[in-house]
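# Residue-level structure breakdown
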Amino acid sequence: MTDQKQNAFVLYVRTLAYTLLALALRLAALVPLCFLWAFDGRLSVLAALCPLLWVFVILPLRWSFAQAITRKPRCFRFGDAFNLSRYGEKLGQGLLHALHVLVWGIPMAALLAGAVYCYTEVDALTLFNTINDLGNRCAQVLGLSTANNFMLGVGAVGSAGALGVLIWAWGVVRNSATRYLWAALEQPRRAQLRRCLRGGRLRQLGVGLINLVLLLPFLYMATCALKTAVSDGSTMLMMAIASGTLPEISLTQLATPLAVAFAALYLPLLPLRRWNTAAFALRRVHAVTDEKVSA
């Protein structure tokens, strides 16, 4: 295929097609996890192929995609997106980028670990009393009634979770343009990447907000599904207090609307978010280049 420019529709369709192929690759990389449940004994060790595939295949391909989307604007080629040239550099950059994002996710991971521990190790009555006591303390701070504040405690726990998600999301935004900057620069170094972002954090925040708007339809549907699940879970928890055991939770009613929202609202808008971030990275590279020329 030649390097002639593609119109916006063709460009979108090709990027969406790559997105679906990349999703298929990610799902294939998860297949080895089946060895943990489908097989016993020595074959279960094959589940270790899952993280290996993600580290040594999926991560470098993310940087190949960045090359395809920045090196030839308005001409997206599958050959570039799946090209593993400069593999060692892409692998190193991918691991470093993943580490930076994971650091921002530490608060959220700690909250999730605490939630899992409470659900699996704490009985229903103790969990109810703990959340109610937390609500009572919040009520004291807010000057409210200090009795029966279970829902206020639930709100406090939910707020802590939301804060953890926001911290992680900001870390994702701060690092979102890294691979596109790396692909756009001739000889990328960490100092060059930081120089391109210096003075452009507000613009990067604006790009992140635009991407958030594109993500809002999916987030709305996901929030509705989670709200229903939390409401049903709270009712089941209250009913289970008398028995002293936590109820069994079915994930089918939650997973189905999430899967539909993912296919209908997340994937179709993902190429637009990728191009938006790549365009920001290209503008920053051009701005730094122009500064050097004028100097």
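Just above sits the structure.
Scoring rules and cut-offs
- Residues numbered from 1 in each chain as written.
- Predicted model: local features only at pLDDT ≥ 70, side-chain atom pairs only at ≥ 80, totals over all residues.
- Heavy atoms only, no water.
- Helix = DSSP H or I, 4+ residues; strand = E, 2+ residues; numbered from the N terminus.
- Contact = heavy atoms within 4.5 Å.
- Patch = residues over 30% accessible without salt bridge, like charges linked within 9 Å, V, L, I, M, F, W, Y side chains within 5 Å.
- Areas by Shrake-Rupley, 256 points an atom, 1.4 Å probe, with all protein chains shown as cover.
- Salt bridge = Lys/Arg side-chain N within 4 Å of Asp/Glu carboxyl O.
- Expected span 1.5 Å × (residues − 1).
- Bend = angle between axes of the 7 residues up to and from the residue.
- Axes fitted to C-alpha atoms, helices over the stretch in contact; angles between N-to-C directions.
- Parallel < 35°, antiparallel > 145°, perpendicular 65-115°, else oblique.
- Nonpolar A, V, L, I, M, F, W, Y, C, P; charged D, E, K, R; others polar.
- Core = buried A, V, L, I, M, F, W, Y, C linked by side-chain atoms within 4.5 Å.
- Buried < 20%, exposed > 50% of the residue type's maximum accessible area, 1.4 Å probe, protein only.
- Polar contact = N/O pair within 3.5 Å; in protein donor to acceptor, adjacent residues only side chain to side chain.
- Phe/Tyr/Trp six-rings, centres within 6.5 Å; stacked < 30°, edge-to-face > 60°.
- Disulfide = S-S within 2.5 Å.

Before going further, it helps to examine the overall build of the protein. For the protein, the helix and strand inventory stands at 13 helices and 0 strands. Helices and strands in the protein line up, N terminus first, as α-α-α-α-α-α-α-α-α-α-α-α-α. Of the contacts made within the protein by residues no fewer than 6 positions apart, 71% connect residues no fewer than 24 positions apart.

There is a patch of nonpolar side chains on the surface, built from Leu 27, Leu 30, Leu 43, Val 45, Leu 46, Leu 49, Leu 52, Leu 53, Trp 54, Phe 56 and Val 57 and spanning about 890 Å² of accessible area. Mapped onto the nonpolar patch, the elements with two or more residues apiece are helix H1 (8–30) and helix H3 (49–70). Broken down by element, the nonpolar patch gets its largest block of residues, 6 residues, from H3. Mapped onto the secondary structure, Leu 27 falls in helix H1.

When the terminal C-alpha atoms of H3 are compared, their 31 Å separation across 22 residues agrees well with the 32 Å that a helix rising 1.5 Å per residue should span. Where H3 bends most, at Val 55, the angle is about 30°.

It is the contact of helix H7 (residues 124–142) with helix H8 (residues 150–175), at a shortest axis distance of 7 Å, that shows an interaxial angle of 85°. With respect to H8, the element H7 is oriented roughly perpendicular. Contact residues: Phe 128, Ile 131, Asn 132, Leu 134, Gly 135, Cys 138 and Ala 139 in H7; Phe 150, Leu 152, Gly 153, Val 154, Ala 156 and Val 157 in H8. The residue makeup of the contact of H7 with H8, split by class, is 10 nonpolar, 3 polar and no charged.

By size, the foremost hydrophobic cluster in this structure holds 28 residues, and its most contacted members are Phe 76, Tyr 180 and Leu 181. Listing elements by their share of this core, those giving two or more residues are H1, H3, helix H9 (178–184), helix H10 (190–197) and helix H13 (270–294). A total of 7 residues in this core trace back to one element, the largest contributor, which is H13. Filtering out sequence-adjacent residues up to four positions away, Phe 76 remains in contact with Gln 6, Leu 11, Arg 14, Thr 15, Tyr 18, Phe 65, Ala 68, Ala 81 and Trp 275. Membership of the second largest hydrophobic core comes to 7 residues, among which are Phe 218, Ala 222, Ala 261 and Leu 270.

A few words now on the side chain of Thr 70. Tracing the backbone shows Thr 70 in helix H3. Within the structure, the side chain of Thr 70 is placed 2.7 Å from the backbone oxygen of Ala 66, a separation counted as a polar contact. Once residues within four sequence positions are removed from consideration, Thr 70 is found in contact with Tyr 180, Ala 183, Ala 184, Ala 278 and Leu 282.

This part covers the side chain of Arg 284. Structurally, the position occupied by Arg 284 is in helix H13. Judged by its relative accessible area of 9%, Arg 284 falls in the buried class. Here the side chain of Arg 284 touches Cys 196 through a polar contact of 2.8 Å, landing on its backbone oxygen. With residues near it in sequence (within four places) discarded, Arg 284 still touches Leu 181, Cys 196, Arg 198, Gly 199, Gly 200 and Arg 203.

For the rest of this paragraph, the subject is the packing of aromatic side chains. The full count for this structure, using the stated rule, is 10 aromatic pairs. Taking the centre distance of 5.0 Å and the plane angle of 15° together, the rings of Phe 262 and Tyr 266 count as stacked. Highlighted residues: Phe 262 and Tyr 266, both in helix H12 (residues 252–266), separated by 4 residues, approximately one helical turn. For Phe 262, a relative accessible area of 28% puts it in the partly exposed group. Of the aromatic side chains, those joined through ring pairs into one cluster are Tyr 18, Phe 65, Phe 76, Phe 78 and Phe 82.

What the rule picks out here adds up to 1 salt bridge. For Arg 86, the salt bridge is made with Glu 89, and the minimal N-O distance between the two is 3.1 Å. Judged by relative accessible area, which is 32%, Arg 86 ranks as partly exposed.

This paragraph deals with the state of the cysteines. Taken as a whole, this structure holds 0 disulfides when the rule is applied. Cysteine Cys 50 shares no disulfide, and the gap to the nearest cysteine sulfur, in Cys 34, comes to 9.6 Å. Assessed through its relative accessible area of 7%, Cys 50 is described here as buried.

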